[in-house]
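Observations on chain architecture
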Amino acid sequence: MINFSAASVGERIGAYLLDLLIKIAYFIVIIVLMNYVFHMDKIFSGMDPWTIMAIITVISLPVIFYSLFFEIWLEGQTLGKRMVKIKVVKIDGYQASVGDYIIRWMFRLIDISIGMGIIGLIAMVVNKKTQRLGDISAGTAVITLKSNISINHTILEEIGDNYQPKYPLVIKLSDNDARIIKETFHVALKNADYVVLNKLTSKIEQVTGIKNELGSTKEFIQTILKDYNYYTQSM
């Protein structure tokens, strides 16, 4: 399992409130358009309740599917999450799937809609990775993308001008992948945890299609990080 920095409860609430403001703004715009442009108040007066309910349901669809749509489109982020710089990922730190986003969205009814969000809030507070029930069910977590000042917590690696890269396929990784790999690598080295180093190597091979031809997991991961920096700085 790859280590990551879980988003705080405050960050998650902040992102939720920003998304809520966007949804409210959408409804305000729709109401203004309906009342002052299309004069829907007069049109509604001649409709039966079922027709009115159907129209309201259609108008509400963008809000109902807001989180699901944006998390799929923005790969784990809504507009609020993007502003707060947090993101939904798999519990191992890698990209979540469409199915994971759907499970999280379905559980919003329990986590957020029922009890005004108290259930989801309690779940996040008691969970060390601040997961709500939807995250636990989908095997996901919300991580922070805020970078620290120390170079050891960034994707940066010192490489010389004459450095020769070995693995072009490292470009399959994202900046967040590289950061997680580096953080996990340094923690494992510090603790002499060779089990984690082997798991990290296997995960890198699985995601990138690269095979460790160097033998040493330490040398392999160091090369991966340096190659990633070489290719991304050259792009």
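Computed from a predicted model, the values in this text were never measured in an experiment.

Notes on helix α3 (residues 49-64)
In an α-helix, one full turn covers 3.6 residues, which means residues spaced three or four apart are oriented alike. Counted at 1.5 Å a residue, the expected span for α3 with its 16 residues is 22 Å, and the 21 Å between its end C-alpha atoms agrees. For α3, the set of buried residues is Ile-59, Ser-60 and Val-63. The inward-facing, buried residues of α3 abut α1 (9-37) and α4 (66-73). Between a side-chain oxygen at the N-terminus of α3 and the backbone nitrogen of Trp-50 the separation is 3.0 Å; the capping residue is Asp-48.

A short note on unusual backbone geometry
Generally, phi is negative for residues other than glycine and the peptide bonds are trans, each holding for most cases. Of note, the phi angle at Glu-75 is positive, near 55 degrees, even though the residue is not glycine. With respect to the helices, strands and loops of the structure, Glu-75 is situated in the loop between α4 and α5 (79-84). Phi at Thr-130 takes a positive value of approximately 45 degrees, unusual for a residue other than glycine. Locating Thr-130 in the fold gives a position in the loop between α8 (118-126) and α9 (133-138). With relative accessibility at 9%, the residue Thr-130 sits in the buried group.

Considering the packing of aromatic side chains
Under the counting rule described, the total for this entry stands at nine aromatic pairs. Centroid distance Phe-69 to Trp-73: 5.7 Å. Interplanar angle 35 degrees. Geometry classified as tilted. One end of the pair is Phe-69 and the other is Trp-73, both in helix α4 and four residues apart, which spans about a single turn. Its relative accessible area of 48% is what places Phe-69 among the partly exposed residues.

Considerations on the pattern of salt bridges
Under the counting rule described, the total for this entry stands at seven salt bridges. Between Glu-71 and Arg-104 there is a salt bridge; the shortest N-O distance is 2.9 Å. In this pair, Glu-71 sits in helix α4 while Arg-104 sits in helix α6 (residues 98-106), placing the two residues 33 residues apart along the sequence. Residue Glu-71 shares its accessibility class with Arg-104, and that shared class is buried. Close ionic contact of Asp-135 with Arg-104 constitutes a salt bridge, the shortest N to O distance being 2.6 Å. Of this pair, Asp-135 sits in helix α9 while Arg-104 sits in helix α6, and the two are 31 residues apart along the sequence. Residue Asp-135 is classed as buried on the basis of its relative accessible area of 0%. Take Arg-104: its relative accessible area is 2%, and that puts it in the buried class. Counted as one network, the salt bridges with shared partners bring together Arg-12, Glu-71, Lys-81, Arg-104 and Asp-135.

Brief notes about the side chain of Asn-176
One can find Asn-176 in helix α10 (residues 175-190). A distance of 2.7 Å separates a polar atom in the side chain of Asn-176 from a polar atom in the side chain of Arg-179. Those residues in contact with Asn-176 that lie beyond four places of it in its chain are Val-89, Gly-93, Ile-143 and Leu-145.

Quick notes on the nonpolar core
The biggest cluster of nonpolar side chains holds 17 residues, and the ones touching the most others in it are Ile-181, Ile-204, Phe-220, Ile-221 and Ile-224. Elements with a contribution of two residues or more to this core: α10, α11 (194-208) and α12 (217-234). No other element matches the five residues that α12 contributes to this core. For Ile-221, the residues in contact, after removing those within four places along its chain, are Ile-181, Phe-185, Leu-197, Leu-200, Thr-201 and Ile-204. In terms of nonpolar packing, the next biggest core, distinct from the first, is built from nine residues, Leu-68, Val-88, Ala-96 and Val-142 among them.

Considering the pairing of strand β2 (residues 140-144)
Buried residues dominate β2, accounting for five of its five residues. Neither face of β2 is exposed, since Thr-140, Val-142 and Thr-144 on one face and Ala-141 and Ile-143 on the opposite face are all buried. When strand β1 (residues 86-90) meets β2, the two strands line up antiparallel, connected through five bridges. Paired with Ile-86 across the two strands is Thr-144, which belongs to β2.

Some words on the packing of α10 against α11
Put simply, α10 and α11 touch, their axes get as near as 9 Å, and they point 160 degrees apart. What the angle tells us is that α10 and α11 run roughly antiparallel. α11 is crossed by α10, and the crossing has left-handed handedness. Taken together, the residues of α11 that come into contact with α10 (itself represented by Ile-181, Thr-184, Phe-185, Ala-188 and Leu-189) are Val-196, Leu-197, Leu-200 and Ile-204. Partitioning the contact of α10 with α11 into residue classes produces eight nonpolar, one polar and no charged.

Cut-offs and rules
Residues numbered from 1 in each chain as written. Predicted model: local features only at pLDDT ≥ 70, side-chain atom pairs only at ≥ 80, totals over all residues. Heavy atoms only, no water. Helix = DSSP H or I, 4+ residues; strand = E, 2+ residues; numbered from the N terminus. Expected span 1.5 Å × (residues − 1). Buried < 20%, exposed > 50% of the residue type's maximum accessible area, 1.4 Å probe, protein only. Contact = heavy atoms within 4.5 Å. Polar contact = N/O pair within 3.5 Å; in protein donor to acceptor, adjacent residues only side chain to side chain. Phe/Tyr/Trp six-rings, centres within 6.5 Å; stacked < 30°, edge-to-face > 60°. Salt bridge = Lys/Arg side-chain N within 4 Å of Asp/Glu carboxyl O. Core = buried A, V, L, I, M, F, W, Y, C linked by side-chain atoms within 4.5 Å. Pairing = 2+ DSSP bridges. Axes fitted to C-alpha atoms, helices over the stretch in contact; angles between N-to-C directions. Parallel < 35°, antiparallel > 145°, perpendicular 65-115°, else oblique. Left-handed = near helix turned anticlockwise from the far one by under 90°. Nonpolar A, V, L, I, M, F, W, Y, C, P; charged D, E, K, R; others polar.

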